[in-house]
Amino acid sequence: MLRLAATLLALACAHAMATVEQPESNARINDPEWDAFKATYKKTYKDADDELARHSLFKVSQARVAELNKLNGHPAFGINWMSDRRDVYPHEQYKKGLVKPKDFVPTAPVREFGAPRSPKAINWRYTEAVTAIKNQGQCGSCWAFSATEATESQMVLSAGGKVKIGLSPQQITSCAPSSGTYGCQGCQGGFTEGAYEYIKSVTGLANDFFIPYGQSLTDSAQTTLPCPTAKVNAIDGEYEQLTGGYAQLEGYEYAVPPCTSGGCEDQDLASLAAALEQSPVSICVNAGVWNDYTGGVLTAAACGPMGADYQDHCVMATGFNTTAPVPYWIVRNSWASTWGDEGYIYLEMAKNTCGLADDVTIPKVKLDMTAEQAAEAARNREAMYQRATKGPE
């Protein structure tokens, strides 16, 4: 059914492209919706021919959005800043970047969760456990962002809110080794397990002021910035007191037994919910239709295949809501706060929508705390849980 839906969608888009009228290059485009689109997104084009080509893509986007919303069963897709860039200009689309070695075999343990508390809804965004939305730009570094964000959240929760540091996805992007079992390729792609293994191998992951993100937000033909080796070495060097805080990892666990082949339609969604009762988690997904998402709940029917072979993007799950008309998982993206619903997307909760439960990881941070500090952190975590389940005051 999913493959048939994808085929029908492709045929609809192809038909729209074929039937769009192509006016003469010196004729003005008479399309109020196009004029509104250009005004809304401050669009300019190099010449009349370029605008004609972009207008044709805009019409294709309108047809594709209509077909996706039909598949979805309710609106979740719309015209956005990307609507004159799809199909013919794929290099201009939002970047993803999940690239996992074909022979990779998961070896990390699967966490066992106790009896669930089963809240009707939880959203860690209501607490300090979720940092601000980030922007990977035109670098395929989603895997580094997902691992970084999951580590940030674990630091906050493990310390009971006493430690809140924005960490450096640039360090992972630039410094994770390109060879070996966990080899990653910087802006050309990588995977979260490789990111965690890199962090384990060094003193720690620096804060984002010490090693800021420097990849271009607009250049699609960029190369990965070189590893700032001197800065990484200085994390615990002579000037440690000046470099600021950093994170250390002792490992990572899977929240759900990972699915590495097949359709992955029967993943353990109860374990994903149990994991989200405790913290946000890193997830990887099939984000093939996400460029057109503008808000609302994205269903499994519209998102497409759930299988591991279709995964192309790593993000972060921050909660769920079972009380909505269509219950949903809450997912944070790394395409800036102007994408989706202020940087977030909501995925149908009844199914393994977009394959979000195929590769769910939780980093384990190292913190040196006394018994008294650990007890205080536990009390503070409980207070954060209460805020996450009750919503904003």
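Residues numbered from 1 in each chain as written. Predicted model: local features only at pLDDT ≥ 70, side-chain atom pairs only at ≥ 80, totals over all residues. Heavy atoms only, no water.

(A) Focus on helix 2 (residues 32–40). Where helix 2 begins, the side chain of aspartate 31 points an oxygen toward the backbone nitrogen of glutamate 33, at a separation of 3.1 Å. Once helix 2 ends, the next one or two residues include lysine 42, with phi positive near 55°. (Polar contact = N/O pair within 3.5 Å; in protein donor to acceptor, adjacent residues only side chain to side chain. Helix = DSSP H or I, 4+ residues; strand = E, 2+ residues; numbered from the N terminus.)

(B) Representation of the state of the cysteines within the structure. Applying the stated criterion across every chain, the model contains 5 disulfides. Between cysteine 284 and cysteine 314 runs a disulfide, and the two sulfur atoms are separated by 2.3 Å. Across the S-S bond linking cysteine 284 and cysteine 314, the dihedral sits near 90°, which makes this disulfide right-handed. Here cysteine 284, found in strand 5 (residues 281–285), pairs with cysteine 314, found in strand 7 (residues 313–321); they are 30 residues apart in sequence, far enough to count as distant. When sorted by exposure, cysteine 284 lands in the same class as cysteine 314, which is buried. Here the cysteine-cysteine linkages of the chain are recorded as 1-3, 2-4, 5-6, 7-9, 8-10, numbering only bonded cysteines and doing so in sequence order. This cysteine, cysteine 142, is not joined by any disulfide, and cysteine 314 carries the nearest cysteine sulfur, 4.8 Å off. Cysteine 314 supplies the cysteine sulfur nearest to cysteine 184, a cysteine that is in no disulfide, at a spacing of 9.8 Å. (Disulfide = S-S within 2.5 Å. Buried < 20%, exposed > 50% of the residue type's maximum accessible area, 1.4 Å probe, protein only.)

(C) Summary view of the packing of helix 2 against helix 3 (residues 48–72). Two numbers describe how helix 2 lies on helix 3: the axes approach to 11 Å, and their chain directions differ by 105°. Classified by the angle between their axes, helix 2 and helix 3 sit roughly perpendicular to one another. Contacts between helix 2 and helix 3 involve Glu33, Trp34, Phe37 and Lys38 from the first element and Glu51, Arg54, His55, Phe58, Lys59 and Gln62 from the second. Here the contact of helix 2 with helix 3 is built from residues that sort into 3 nonpolar, 2 polar and 5 charged. (Axes fitted to C-alpha atoms, helices over the stretch in contact; angles between N-to-C directions. Parallel < 35°, antiparallel > 145°, perpendicular 65-115°, else oblique. Contact = heavy atoms within 4.5 Å. Nonpolar A, V, L, I, M, F, W, Y, C, P; charged D, E, K, R; others polar.)

(D) Highlighting unusual backbone geometry. Its identity as a non-glycine residue notwithstanding, cysteine 264 has a phi of 55°, on the positive side. Position of cysteine 264 relative to the elements: it lies in the loop between strand 4 (249–254) and helix 9 (269–278). Located in the positive-phi region is cysteine 354, a residue other than glycine, with phi close to 60°. In this structure cysteine 354 comes out as buried when scored by relative accessible area, which is 1%.

(E) The pattern of salt bridges, seen in detail. If you walk through the whole model with that rule in mind, you get 17 salt bridges. Across the salt bridge formed by arginine 117 and glutamate 382, the nearest N and O atoms sit 2.9 Å from each other. Of this pair, arginine 117 sits in the loop between helix 3 and strand 1 (121–123) while glutamate 382 is found in helix 11 (residues 371–390), placing the two residues 265 residues apart along the sequence. Notably, a salt bridge pairs glutamate 128 with arginine 387, separated by 3.0 Å at the nearest N-O pair. Taken together, the residues glutamate 128 in the loop between strand 1 and helix 4 (142–158) and arginine 387 in helix 11 connect sequence positions 259 residues apart. Judged by its relative accessible area of 23%, glutamate 128 is partly exposed. (Salt bridge = Lys/Arg side-chain N within 4 Å of Asp/Glu carboxyl O.)

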